[in-house]
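Take a look at the letters that make up each chain.
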Amino acid sequence: MTDQESLLAAIHESVELVPYDPAWPPAFEEERWRLLSLFPSAFVAIEHIGSTAIPGMRAKPIVDILAGVESLTGVDALAARLCEVGYATSAEFNASLSDRKWFMRWAHGRRTHHLHVVVHDGGIWRQRLAFRDRLRVDPQAAARYERLKARLAAEHRDDREAYTDAKADFVQSIVAGVLW
């Protein structure tokens, strides 16, 4: 498989949840240190988020990384450098985002990492960490979320955006502290 074929396969891969893998946290740490060594002054902090950051939770096998920057000004220059070291992105998709920038690493036809660059300690930063932290300490909320994800993965197997959008209300309810 060529690099271009692998990238296209990663972009169009279906939504599939797999059992929790204890290798996910070390994969995050490895990528965190790689990013910090490549860009020593770019990030204020880097956190592991998403379902791969919740022990025991089934997830898409993609390590989600939240990277905090002082300001989104200048992220376009950082984007070019990130793409030189193994990330890909969609300029069109990023242009539609006012509060963050998104990048993807991939290998062998599948996504391996998502990198979400946001303002450190801004709204998105706090929301993503609040969601992760709540699911880490609330097994009932985590179980409800896992059931929802399984149902939505079956319903939206070939539409990643619909899958993500369909989880939004639940995520907001957790962040707001009001479970349905």
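This is a predicted model, so every value here is computed, not measured. (Residues numbered from 1 in each chain as written. Predicted model: local features only at pLDDT ≥ 70, side-chain atom pairs only at ≥ 80, totals over all residues. Heavy atoms only, no water.)

### Quick word on the pattern of salt bridges
Scanning all chains against the criterion turns up ten salt bridges. The partner of arginine 111 in a salt bridge is glutamate 13, and the shortest N-O contact between them spans 3.3 Å. Here the residue arginine 111 occupies a position in strand β5 (residues 110–119), and glutamate 13 occupies one in the loop between α1 (3–11) and α2 (24–38), the gap between them amounting to 98 residues. Per residue, the accessibility class of arginine 111 equals that of glutamate 13, and both read buried. A salt bridge links glutamate 155 to arginine 151, with the shortest nitrogen-to-oxygen separation between them at 2.9 Å. Of this pair, glutamate 155 and arginine 151 both sit in helix α6 (residues 139–155), separated by four residues, roughly a single helical turn. Here arginine 151 falls in the partly exposed class, since its relative accessible area comes to 45%. Connected via shared salt-bridge partners are Glu13, Arg111 and Arg160. (Salt bridge = Lys/Arg side-chain N within 4 Å of Asp/Glu carboxyl O. Helix = DSSP H or I, 4+ residues; strand = E, 2+ residues; numbered from the N terminus. Buried < 20%, exposed > 50% of the residue type's maximum accessible area, 1.4 Å probe, protein only.)

### As for the packing of aromatic side chains
As enumerated under the stated definition, the model contains five aromatic pairs in all. Ring plane angle 90° and centroid distance 5.4 Å describe the contact between tyrosine 20 and tryptophan 24, whose orientation is recorded as edge-to-face. Assessed through its relative accessible area of 24%, tyrosine 20 is described here as partly exposed. Looking at tryptophan 24, the relative accessible area reads 7%, which means it is buried. Taking the centre distance of 5.8 Å and the plane angle of 90° together, the rings of phenylalanine 93 and tryptophan 102 count as edge-to-face. An aromatic cluster of three or more residues is present, and its members are Phe131, Tyr145 and Phe170. Over the ring of tryptophan 33 we find arginine 32; its NZ or CZ atom is 4.8 Å from the centre of that ring. Between the NZ or CZ atom of arginine 105 and the centre of the ring of tyrosine 87, over which it lies, the distance is 5.9 Å. (Phe/Tyr/Trp six-rings, centres within 6.5 Å; stacked < 30°, edge-to-face > 60°. Lys NZ or Arg CZ within 6 Å of the ring centre and 35° of its normal.)

### Remarks on the environment of arginine 105
Structurally, the position occupied by arginine 105 is in strand β4 (residues 100–107). Since its relative accessible area comes to 22%, arginine 105 is described here as partly exposed. Placed 43 residues apart in sequence, arginine 105 and isoleucine 62 show a C-alpha to C-alpha distance of 9.1 Å.

### Considerations on the nonpolar core
By size, the foremost hydrophobic cluster in this structure holds 20 residues, and its most contacted members are Leu35, Phe43, Ile46, Leu82, Leu115 and Val117. Sorting the residues of this core by element identifies α2, β2 (63–69), α3 (75–84) and β5 as the ones contributing at least two each. If we ignore the near neighbours within four places in the chain, the residues touching isoleucine 46 are Phe28, Arg32, Leu35, Leu36, Ile65, Leu66, Ala67 and Trp125. Val15, Met57, Ala141 and Ala153 belong to the second-largest nonpolar core, a separate cluster that totals 15 residues. (Core = buried A, V, L, I, M, F, W, Y, C linked by side-chain atoms within 4.5 Å. Contact = heavy atoms within 4.5 Å.)

### Looking at the packing of helix α5 (residues 123–137) against α6
It is the contact of α5 with α6, at a shortest axis distance of 5 Å, that shows an interaxial angle of 110°. Judged on the interaxial angle alone, α6 and α5 are roughly perpendicular. Residues Phe131, Leu135 and Val137 of α5 pack against Pro139, Ala141, Ala142 and Tyr145 of α6. (Axes fitted to C-alpha atoms, helices over the stretch in contact; angles between N-to-C directions. Parallel < 35°, antiparallel > 145°, perpendicular 65-115°, else oblique.)

### With respect to a negative patch on the surface
A cluster of acidic side chains, namely Asp158, Asp159, Glu161 and Asp165, defines a negative patch on the protein surface. Following the sequence through the fold, glutamate 161 ends up in helix α7 (residues 160–166). (Patch = residues over 30% accessible without salt bridge, like charges linked within 9 Å, V, L, I, M, F, W, Y side chains within 5 Å. Areas by Shrake-Rupley, 256 points an atom, 1.4 Å probe, with all protein chains shown as cover. Lys, Arg positive; Asp, Glu negative; His and termini not counted. Charge placed at Lys NZ, Arg CZ, Asp CG, Glu CD.)

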